[in-house]
Amino acid sequence: DGGITQSPKYLFRKEGQNVTLSCEQNLNHDAMYWYRQDPGQGLRLIYYSQIVNDFQKGDIAEGYSVSREKKESFPLTVTSAQKNPTAFYLCASSRAANPYNEQFFGPGTRLTVL
Amino acid sequence: AQKVTQAQTEISVVEKEDVTLDCVYETRDTTYYLFWYKQPPSGELVFLIRRNSFDEQNEISGRYSWNFQKSTSSFNFTITASQVVDSAVYFCALGRAAGNKLTFGGGTRVLVKP
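The written sequence of each chain sets the order in which its residues are numbered from 1. Note on labels: chains are lettered from A, ligands numbered from 1, in written order. Under the rules for a predicted model, residues below a pLDDT of 70 receive no local features and side-chain atom pairs below 80 are neither given nor counted, while totals for whole chains, interfaces and linings still include all residues. To obtain the side-chain values, all non-hydrogen atoms of the structure were used and water was disregarded.

1. Notes on the interface of chain A and chain B
In step 1: We call two residues contacting when some pair of their heavy atoms lies within 4.5 Å. Counting residues at the interface gives 24 residues for chain A, matched by 21 residues for chain B.
In step 2: Two parts placed together each lose some accessible area; with a 1.4 Å probe, that loss summed over both constitutes the buried area. Buried surface at the junction of chain A and chain B, both sides included, amounts to about 1800 Å², of which 56% is carbon and sulfur.
In step 3: When residues of chain A are sorted by the area they lose upon contact with chain B, Pro99, Tyr100 and Phe105 of chain A head the list and together hold 35% of the total.
In step 4: For this analysis, a salt bridge means a side-chain nitrogen from Lys or Arg found within 4 Å of a carboxyl oxygen belonging to Asp or Glu. On inspection of chain A and its partner chain B, the count reaches two salt bridges.
In step 5: Across the pair aspartate 59 of chain A and lysine 101 of chain B runs a salt bridge, and its minimum N-O distance is 3.6 Å.
In step 6: Two N or O atoms form a polar contact when they lie within 3.5 Å of each other; inside protein one atom must be a possible hydrogen donor and the other a possible acceptor, and for residues adjacent in sequence the pair counts only when both atoms belong to side chains. Taken together, the links from chain A to chain B amount to three residue pairs in polar contact (both at pLDDT 80 or more).
In step 7: Runs of E in the DSSP output that reach at least two residues are strands. Runs of H or I that reach at least four are helices, and both are numbered from the N terminus. Among the elements of the structure, β4 (31-37), β5 (43-51) and β9 (87-94) of chain A are those that each provide at least two residues to the side of chain A that touches chain B.
In step 8: The element that contributes the greatest number of residues to the side of chain A that touches chain B is β5 of chain A, accounting for four residues.

Here is the structure:
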């Protein structure tokens, strides 16, 4: 089955710790994205990558970092610099990074910082 | 600047009632794309439809239908004869032809009661 996997589904961390969220896709998509969703709000773009070894900041990149060393993987690190990291994080991919191609989403990771 | 407004934050209906979700967008582009996604309680967004700005034909897919009106910058979504499985959060999104990011509305939560 082709799709996007995110792990873990629930993650708890202490304040001040960095944490890395995993995102893997086997759809052979070139583009990958990370979104943040807060309760009752829409999705906001954190980072996106159009191709391996390349990525761009989205609308709310501060306090986050990413890497794209392999086509199928796009991990997101939430650093201690992120002021309010508790949120639901969604990873997505598309065939190419243009708005014509619909994005496919993973099941999300709910991060809670204590 | 791109903006998507979903004025209805939550709609509650009884099974078999019709429900219409409003989506109003703002853009200065002449070419753009509009999307609807469904987010069930599991959290994963599911793509429902894409429409480009040059295609104002309404579309019907089973119990779902979409009404795109460029004159009022609206792309409304109707669920006919709603079912409990339709309970979810629905997002409208806007993509620029020249860009590679989507702008999401705040979402509308639909609750269908048996």
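2. Focus: the side chain of lysine 38 of chain B
Residues and elements named next belong to chain B.
In step 1: Looking at the element boundaries, lysine 38 is found in strand β5 (residues 32-39).
In step 2: Each residue is placed in one exposure class: buried if its accessible area under a 1.4 Å probe, protein chains only, is under 20% of its type's maximum, exposed if it is over 50%, and partly exposed if it falls in between. In this tally, Lys and Arg are treated as positive and Asp and Glu as negative; His is ignored, and so are the chain termini. Here lysine 38 sits buried without a salt bridge, and the closest side chain of opposite charge, aspartate 86, lies 4.5 Å off (N-O distance).
In step 3: A distance of 3.1 Å separates a polar atom in the side chain of lysine 38 from the backbone oxygen of valine 85.
In step 4: Those residues in contact with lysine 38 that lie beyond four places of it in its chain are Glu44, Leu45, Val46, Leu48, Tyr64, Val85, Asp86, Ala88, Val89 and Tyr90.

3. Description of the environment of asparagine 52 of chain B
Residues and elements named next belong to chain B.
In step 1: Position of asparagine 52 relative to the elements: it lies in strand β6 (residues 46-52).
In step 2: In this structure the C-alpha to C-alpha distance between asparagine 52 and arginine 96, which are 44 residues apart in sequence, comes to 9.9 Å.
In step 3: Setting aside its immediate chain neighbours within four residues, asparagine 52 contacts Tyr32, Tyr33 and Phe68.
In step 4: Polar side-chain contacts of asparagine 52 include one of 2.7 Å to the backbone nitrogen of phenylalanine 54.

4. Describing the sheet that holds strand β1 (residues 4-7) of chain A
Residue and element names in this part refer to chain A.
In step 1: Spatially, four strands are ordered β1-β3-β8-β7 in an open sheet, and the strand pairing comes out antiparallel. A single partner strand is all that each edge strand has here, and the edge strands are β1 and β7 (64-66). Averaged over all neighbouring strand pairs, the angle between strand axes comes to 20 degrees, with direction disregarded.
In step 2: Pairing analysis gives three bridges linking β7 to strand β8 (residues 76-78), with the strands arranged antiparallel. Bridging across to β8, tyrosine 64 finds its partner in valine 78. DSSP calls a pair of strands paired once it identifies at least 2 bridges connecting them. Orientation is described by lines fitted to C-alpha atoms, with helices fitted over the stretch in contact, and by angles between N-to-C directions that extend from 0 to 180 degrees.

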